[in-house]
Amino acid sequence: MAVLRSPELEYLEEGEEAVFSAASANPLNSNLEYHAFMASWKQVFFLPDTKNIAYFFSLNAMSSSPLAYQNRLGGFDSVRGFGLNRVIALDTARANLEYRSTLLKWKIPFFDIDRVILQSCAFLDAGYGWNVAQIDPVTGKNTQNESAILYSAGAGLRAIFVHFANAIARLDFARAIRPDEGFNISFGVGQFF
């Protein structure tokens, strides 16, 4: 199903979206050949007084492949609060929960920017990777037999530029809770997850 725009306010989302994909890469080169599968589900609810709540689940699995092609967790597009690509693994799962509330709306008359909506945001992110890429400290060789969990929470701001197809600039401040790796600030462009 597709994500629908709320009839009440043109910049708020509501609806659900399921995505499934499979890939087979490099079939003519057995050293680089791999197969992958991805499934995700996103649902966004419109709440009264210009608020949204949304959640996202994703599962990624693949056969043995070079590190450059493997699934990744961490950073502004998966588990905020952690460095980009904090976990590299053959198999990953992640979940995100986000609540947004509109703070203010204003019209910028110059540069044809038009209406801008500012929203506050609170979120929880979690990710789990198994068959995680690591280097064996004894042999110095790559291994893929560990697992890792990432969990974070944070807050942020969203600037929605209505005139530019509802383009969204995101600024997030997150605490990496498990493992405890402190705080991180990230900037991104795009809607929920």
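Our subject is the structure that appears above.
Residues numbered from 1 in each chain as written. Predicted model: local features only at pLDDT ≥ 70, side-chain atom pairs only at ≥ 80, totals over all residues. Heavy atoms only, no water.

## Points about the pattern of salt bridges
In step 1: Under the definition given, this model contains eleven salt bridges.
In step 2: In this structure, Arg100 and Glu98 form a salt bridge, with 2.8 Å as the shortest nitrogen-oxygen distance. The same class applies to Arg100 and to Glu98, which are both buried.
In step 3: Residues Asp172 and Arg170 are paired through a salt bridge, measuring 3.9 Å at the closest nitrogen-oxygen approach. In this pair, the class of Asp172 matches that of Arg170, namely buried.
In step 4: Within this structure, Arg80, Glu98, Arg100, Asp125, Arg158, Arg170 and Asp172 form a network of salt bridges that share partners. (Salt bridge = Lys/Arg side-chain N within 4 Å of Asp/Glu carboxyl O. Buried < 20%, exposed > 50% of the residue type's maximum accessible area, 1.4 Å probe, protein only.)

## So, unusual backbone geometry
In step 1: Across the junction of Arg178 and Pro179, the peptide omega takes the value -10°, indicating a cis bond.
In step 2: When you line up the elements, Pro179 lands in the loop between strand E9 (167-178) and strand E10 (182-189).
In step 3: The phi angle at Asp49 is positive, at roughly 60°, despite the residue not being glycine.
In step 4: Its place among the elements puts Asp49 in the loop between strand E3 (34-47) and strand E4 (51-62).
In step 5: Positive phi values are uncommon outside glycine, yet Asn131 reaches one of about 60°.
In step 6: Here Asn131 is to be found in strand E7 (residues 114-135). (Helix = DSSP H or I, 4+ residues; strand = E, 2+ residues; numbered from the N terminus.)

## Describing the nonpolar core
In step 1: Within the largest apolar cluster, nine residues are counted, these being Leu73, Val79, Phe82, Val87, Ala89, Val132, Ala148, Leu150 and Ala176.
In step 2: For this core, the elements supplying multiple residues, two or more each, are strand E6 (87-108) and strand E8 (142-161).
In step 3: Residues Tyr11, Leu12, Ile117 and Val162 belong to the second largest nonpolar core, which totals six residues. (Core = buried A, V, L, I, M, F, W, Y, C linked by side-chain atoms within 4.5 Å.)

## Notes on the environment of Ser40
In step 1: With respect to the secondary-structure elements, Ser40 resides in strand E3.
In step 2: Of the residues examined, Ser40 reaches a relative accessible area of 11% and is grouped as buried.
In step 3: Residue contacts for Ser40: discarding those within four places in its chain leaves Glu17, Ala18, Val19, Phe56, Phe57 and Ser58. (Contact = heavy atoms within 4.5 Å.)

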